[in-house]
Amino acid sequence: MPISERQQHMACMKLGSKPEAFHREGHTWFCTTGLPSDVAVEIGEMSFNLHKFPLLSRSGLLEKLIENCSNEDGSHCVLQLHELPGGAKAFELVTKFCYGVKIELTSLNIVSLRCAAEYLQMNENYGEGNLIAQTEGFLNEVFSNWVDSIKALGTCEVLPYAEDLHIVSRCIDSLAMKACADPTLFGWPVSGCTNVQSPAGVVLWNGISTVNKPQSVREDWWYGDVSFLSLPFYKRMMQAVELRGMKPERVAGSLIFYAKRYLPLMNRQSSFKDTNHVNPGTTIPTPSEADQRALLEDIVDLLPNRKGVTSTKFLLRLLRTAMILHTSSLCRENLERRVGTQLDQAVLEDLLIPNMGYSVETLYDIDCVQRILDHFMSVENTAVATASPCIVEEGKLMDGPDCLTPVMLVANLVDGYLAEVAPDVNLKLPKFQSLAAAVPDYARPVNDSIYHAIDLYLKAHPWLIDSEREQICRLMNCQKLSLEASTHAAQNERLPLRVIVQVLFFEQLRLRTTVSGWFFVSDNLANSQDPNDNLGIPKTDGSHQVDPEQDHGAGVDDMRERVLELEKECLSMKQEIQKLVKMKRSWNIIPKMLVFRQKSQRCNSKKSRPGDVKTPLSSSNGHQNHEHAFAGE
């Protein structure tokens, strides 16, 4: 069992006092006491030529077998113990113990020796301080040390008899207790040594420091050690620490470490930029695809259900690996639900899941992202419905901006995802619309991102008919386009003419509203009093006195210059509309929408007034609003 280099010392216990009295020749062990052997014990391919008395005096089972063998056949007998726990290696130690030869108990052989002693019935009825009592006492010492417990548990994997003796459960409980304990109070996590020298030169006894300030220990100190356990033991370890109240974040961290160690596909997708890296020097055999599939499904079941405990990045990596390994549909649905509950924490790169289906239509799995998004919206709608102070009428923003933050983040994520998948010529219009429409309109304060995705889709799908182009353009709100996006859309030949006119109209309306606001400010400046009077500051005489009328006149002149610039922009936009009418006279909608007034209005500050601007009802009324807005121009 490989353990980190900082934990090399093991507990040990020495039994017996006689020197070595056995030697091996091939597959046969012989006793060198000089007495002829009268019993042979066969275990697998190995054979032990021994004497009856030392064995029957310590073992109840051997006593019965020797007694039965002697009654049947003379003095020499042959015993077969092929089912002995630990096999020939364990029986070698048992034999030496019976002869009083020196042996050494360690965490690597204690479990097999304890199981063999129980199997051979080496209890106190056959001598005080028999092997069962000796091994049981040393096991308690092993369980008090983290490193020894890990090594002992590793040997239990090939000893089913250890389950019957509750050695496995006792070892796991010991490890769970140490993993959940405060590492600053005890010395067991960082060292298995009994004598440790601290940096200040203070000797530690039994791993307990006497200095006032112990060394800091990371909370993930135990991840690497338990990752060497087999999956059944690891699962029981995780369940034990969870029952003892370990933080869900630490449980999830250990599961992530374990998955990265035994699922090579998790590391191939991209590097994890965290501190829990698998040691590149360790060589771990790659499990089979079936073992990896079972491992992934078990890890998903063990992951804590609390939102945000497991990173969305890791969940999406698991989901992608699950698709490659063809795990059960229940496992994939579980991962999709987990990702959906915290989709606002995802990044675009991890959301680009390749399509693993047999009938591949698109490059990326659009349906998977759609299911994740639908689950997020269902959870979000439920959360918003219960938070009554944040609910207002449709189309308006909430009073609590924090309530909208996750939805806005997801809206930006979905728009970015749509921009990535839009160039795929196999992406059907209904799928694009369904994904874009799943996000509510209030989650997009600015529609530049969705406009960019729509433009990319139209560019990659030039065969769309006019009705389909208008249909996809309904996904964006022209009123929420920025100035740069509006300028681009007004010159975009891929957009339907109806949409271009709508963009120009709202841009003109925005300019008129801005001009009206400036005139309002100008009137306030004209009617305002001298600020010095309001502040109670005495006026100065001579050259230091400021003429209010001259200062106000200069401000009005500057305002008029800016208004003239806006007039030029309005005139330029009208000329753009006229050009579009000449280029696309076949559109029947143009005469209805662009009926300009016989007396053309000029954006002159002397002739036009802010109150003359008529504001349409809303953009949701379609082209009828445009007809009312442009009527009479």
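Read on for a plain summary of the structure.

The rules behind each value
- Residues numbered from 1 in each chain as written.
- Predicted model: local features only at pLDDT ≥ 70, side-chain atom pairs only at ≥ 80, totals over all residues.
- Heavy atoms only, no water.
- Helix = DSSP H or I, 4+ residues; strand = E, 2+ residues; numbered from the N terminus.
- Buried < 20%, exposed > 50% of the residue type's maximum accessible area, 1.4 Å probe, protein only.
- Contact = heavy atoms within 4.5 Å.
- Areas by Shrake-Rupley, 256 points an atom, 1.4 Å probe, with all protein chains shown as cover.
- Core = buried A, V, L, I, M, F, W, Y, C linked by side-chain atoms within 4.5 Å.
- Salt bridge = Lys/Arg side-chain N within 4 Å of Asp/Glu carboxyl O.
- Phe/Tyr/Trp six-rings, centres within 6.5 Å; stacked < 30°, edge-to-face > 60°.
- Polar contact = N/O pair within 3.5 Å; in protein donor to acceptor, adjacent residues only side chain to side chain.
- Pairing = 2+ DSSP bridges.
- Axes fitted to C-alpha atoms, helices over the stretch in contact; angles between N-to-C directions.
- Left-handed = near helix turned anticlockwise from the far one by under 90°.
- Nonpolar A, V, L, I, M, F, W, Y, C, P; charged D, E, K, R; others polar.

Let's talk about the overall build of the protein
And then number 1: The secondary structure content of the protein amounts to 27 helices and nine strands.
And then number 2: By the burial criterion, 45% of the 633 residues in the protein qualify as buried.
And then number 3: In the protein, of all internal contacts separated by at least 6 residues, the share reaching a separation of at least 24 is 72%.
And then number 4: With an accessible surface of roughly 33,800 Å², the protein has 52% of that area assigned to carbon and sulfur atoms.

A short note on the nonpolar core
Burial of nonpolar side chains together is a common tendency in soluble globular proteins.
And then number 1: Core analysis: the biggest nonpolar cluster contains 155 residues, and Phe91, Trp146, Leu318, Leu343 and Phe432 have the highest contact counts within it.
And then number 2: If we skip the residues at most four places from it in the chain, Phe432 touches Leu418, Ala422, Leu427, Ala453, Ile454, Tyr457, Ile472 and Leu475.

As for the pattern of salt bridges
When charged atoms on two side chains of opposite charge get close, those side chains can pair.
And then number 1: Tallied over the entire structure, the rule returns 19 salt bridges.
And then number 2: A salt bridge links Asp298 to Lys235; its shortest N-O distance comes to 3.7 Å. With Asp298 in helix α13 (residues 289–302) and Lys235 in helix α10 (residues 231–243), the pair connects residues that are 63 residues apart, well separated along the chain.
And then number 3: The exposure class of Asp298 is buried, given its relative accessible area of 17%.

Notes on the environment of Leu418
And then number 1: Locating Leu418 in the fold gives a position in helix α18 (residues 401–421).
And then number 2: Among the residues examined, Leu418 registers a relative accessible area of 1% and is labelled buried.
And then number 3: Note: C-alpha distance between Leu418 and Ser449 (31 residues apart in sequence) is 9.2 Å.
And then number 4: When near neighbours in sequence (up to four residues on either side) are disregarded, Leu418 contacts Phe432, Leu435, Ala436, Ile450 and Ala453.

Describing the packing of aromatic side chains
And then number 1: Going through the model one piece at a time under the given rule, you end up with 11 aromatic pairs.
And then number 2: Ring centres of Tyr119 and Tyr161 lie 6.5 Å apart, and the angle between their planes is 80 degrees; on these two criteria the pair is classed as edge-to-face. Pair noted here: Tyr119 is in helix α4 (residues 110–119) and Tyr161 is in helix α7 (residues 161–164), with a separation of 42 residues, a long-range link.
And then number 3: Residue classification places Tyr119 among the partly exposed positions, given a relative accessible area of 24%.
And then number 4: Tyr161 sits in the partly exposed class, given a relative accessible area of 27%.

Some remarks on the side chain of Arg444
And then number 1: Note on placement: Arg444 falls in the loop between α19 (429–437) and α20 (448–460).
And then number 2: The buried category is assigned to Arg444, whose relative accessible area is 5%.
And then number 3: Engagement of the side chain of Arg444 in a polar contact is seen with the backbone oxygen of Ala436, the distance being 3.2 Å.
And then number 4: Look past the residues within four positions of Arg444 in its chain and what remains in contact with it is Ala411, Val414, Asp415, Ala436, Val439, Ile450 and Lys480.

A look at the side chain of Glu336
And then number 1: Looking at the element boundaries, Glu336 is found in helix α15 (residues 329–341).
And then number 2: Discounting residues that sit within four places of it in the chain, Glu336 has contacts with Leu319, Cys368, Arg371 and Ile372.

Observations regarding helix α6 (residues 146–155)
And then number 1: For α6, a buried count of 10 out of 10 residues is recorded, marking the element as mostly surrounded by other parts of the structure.
And then number 2: Every buried residue belonging to α6 is among Trp146, Val147, Asp148, Ser149, Ile150, Lys151, Ala152, Leu153, Gly154 and Thr155, and all of these are buried.
And then number 3: Tucked into the core, α6 has its buried residues touching α4, α5 (131–143), α8 (167–180), α9 (223–226) and α10.
And then number 4: Regarding α6, its N-cap is Asn145, as a side-chain oxygen of that residue lies 3.0 Å from the backbone nitrogen of Val147 further along.

Overview of the sheet that holds strand β4 (residues 39–43)
And then number 1: Taken in spatial order, the five strands make up an open sheet running β2-β3-β5-β4-β6, and their pairing is mixed. Only two strands of the sheet have a single neighbouring strand rather than two, namely β2 (22–25) and β6 (77–80). Strand-to-strand, the axes of this sheet are offset by a mean angle of 20 degrees, without reference to chain direction.
And then number 2: Note that β4 and strand β5 (residues 46–50) share five bridges and pair antiparallel. Looking across to β5, one finds that Glu42 is bridged to Ser47.

Quick notes on the packing of α6 against α8
And then number 1: Put simply, α6 and α8 touch, their axes get as near as 10 Å, and they point 145 degrees apart. Taken as a pair, α6 and α8 cross one another with a handedness that is left-handed. Where α6 approaches α8, its residues Trp146, Ser149, Ile150 and Leu153 are matched on the opposing element by Val168, Cys171, Ile172, Ser174, Leu175, Lys178 and Ala179.
And then number 2: Of the residues that constitute the contact of α6 with α8, the class distribution is eight nonpolar, two polar and one charged.

Some remarks on unusual backbone geometry
And then number 1: Phi angles above zero are rare outside glycine, and His166 is one such case at about 60 degrees.
And then number 2: By secondary structure assignment, the location of His166 is in the loop between α7 and α8.
And then number 3: Positive phi outside glycine occurs at His326, with the angle close to 60 degrees.
And then number 4: By the element assignment, His326 lies in the loop between α14 (312–325) and α15.
And then number 5: Taking the relative accessible area as the measure of exposure, His326 reaches 42% and is therefore partly exposed.

Considering the environment of Glu349
And then number 1: Turning to its location among the elements, Glu349 is positioned in helix α16 (residues 348–351).
And then number 2: Owing to a relative accessible area of 56%, Glu349 belongs among the exposed residues under this scheme.

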